[in-house]
Each structure stands twice: as structure tokens, then as C-alpha cells.
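# Examining the three-dimensional arrangement
These are the residues of each chain, in order.
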Amino acid sequence: MSDNVVNFPYKIKKTVEPVPTVCELAAKQFEDILIVGRRSDGFVSMIKTMKDPAEVLWHLESAKFSIMHGLEEEENDG
């Protein structure tokens, strides 16, 4: 019996590095980016390079799916 579940062959990397370091690393690795975080004033904010709202939502839902299914690895997991 087959189903329509697509398994993602990767894990989300998690780090404790400071925000500037993470952004610098992301600039070298990603073509497009979506960053969601808490600002210094406590408000949640988003920065993105994608213009299409549907694409932004797809990435948010993909991230949510990955987190819900435990596809996260610790910084030192190799």
C-alpha cells in the first residue's frame, strides 16, 4: 500500500550562534531566505527575500511540518 507522504531527506540545523553569525552563514548558503524572530522590543517580526505570499506560506508550513516531525538536529550532531 502506498501513501502520498513525502519524506524530507534532511534535518533542520539548530545553533546557538549569535544572530549576525547566522545571517552571515545564511547569506553564503541560501538563494532566498525567510527569517522569523523576536526583535529587541519583544515583537515577532519577519524578513524575507521572496515576493510571492504563497511561497512564503509554503516555506513556513514546511518548517512547521519539519519541527512537528522532529527533523531537528543539535548544533554538534555532526
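## Points about the overall build of the chain
The number of helices and strands found in the chain is two helices and four strands. Here the chain holds 78 residues, and the buried ones make up 9% of them. Partitioning the contacts of the chain with sequence separation of at least 6, the portion at a separation of at least 24 is 45%. Accessible area of the chain: about 7,000 Å², with a carbon and sulfur share of 58%.

## Quick word on the pairing of strand 3 (residues 44-48)
Bridge analysis of strand 2 (residues 34-38) against strand 3 gives five bridges, and the strand direction is antiparallel. Within strand 3, the residue paired with arginine 38 across the bridge is valine 44. Where strand 2 hands over to strand 3, the hairpin turn is made up of five residues, of which glycine 42 adopts a positive phi near 95°.

## Some remarks on the pattern of salt bridges
Counted according to the given criterion, the structure contains three salt bridges. In this structure, glutamate 24 engages lysine 28 in a salt bridge whose closest nitrogen and oxygen atoms are separated by 3.6 Å. Taken together, the residues glutamate 24 and lysine 28, both in helix 1 (residues 19-29) and four residues apart, mark about one turn of the helix. Between arginine 39 and aspartate 41 there is a salt bridge, with the nearest N and O atoms lying 2.7 Å from each other. According to the relative accessible area criterion, aspartate 41 is partly exposed, its value standing at 45%.

## Here's the deal with helix 2 (residues 53-68)
Here helix 2 is 16 residues long and its end C-alpha atoms lie 22 Å apart, about the 22 Å a rise of 1.5 Å per residue gives. Along helix 2, the residues classified as buried are Val56, Ser62 and Ser66. Down the axis of helix 2, the buried side of the element spans an arc of 125°, and every buried residue falls inside it. Of the exposed residues in helix 2, the ones pointing more than 90 degrees away from its buried face are Pro53, Ala54, Leu57 and Met68. With a side-chain oxygen lying 3.0 Å from the backbone nitrogen of alanine 54, the N-terminal cap of helix 2 falls on aspartate 52.

## Brief notes about the confidence of the model for the chain
In this model, the chain carries a mean pLDDT of 80, and residues with pLDDT of at least 70 account for 73%. Per-residue pLDDT, averaged within each element of the chain, yields its smallest value for strand 4 (residues 72-73) (57) and its largest for strand 3 (94).

## Here's the deal with a nonpolar patch on the surface
Judged by side-chain polarity, Val36, Val44, Met46, Leu57 and Leu60 come together as a nonpolar surface patch covering roughly 460 Å² of accessible area. Mapped by element, the contributors of at least two residues to the nonpolar patch are strand 3 and helix 2. With respect to the helices, strands and loops of the structure, leucine 60 is situated in helix 2.

What counts, and at which threshold
- Residues numbered from 1 in each chain as written.
- Predicted model: local features only at pLDDT ≥ 70, side-chain atom pairs only at ≥ 80, totals over all residues.
- Heavy atoms only, no water.
- Helix = DSSP H or I, 4+ residues; strand = E, 2+ residues; numbered from the N terminus.
- Buried < 20%, exposed > 50% of the residue type's maximum accessible area, 1.4 Å probe, protein only.
- Contact = heavy atoms within 4.5 Å.
- Areas by Shrake-Rupley, 256 points an atom, 1.4 Å probe, with all protein chains shown as cover.
- Pairing = 2+ DSSP bridges.
- Salt bridge = Lys/Arg side-chain N within 4 Å of Asp/Glu carboxyl O.
- Expected span 1.5 Å × (residues − 1).
- Arc of directions from axis to C-beta.
- Polar contact = N/O pair within 3.5 Å; in protein donor to acceptor, adjacent residues only side chain to side chain.
- pLDDT = per-residue confidence, 0-100.
- Patch = residues over 30% accessible without salt bridge, like charges linked within 9 Å, V, L, I, M, F, W, Y side chains within 5 Å.

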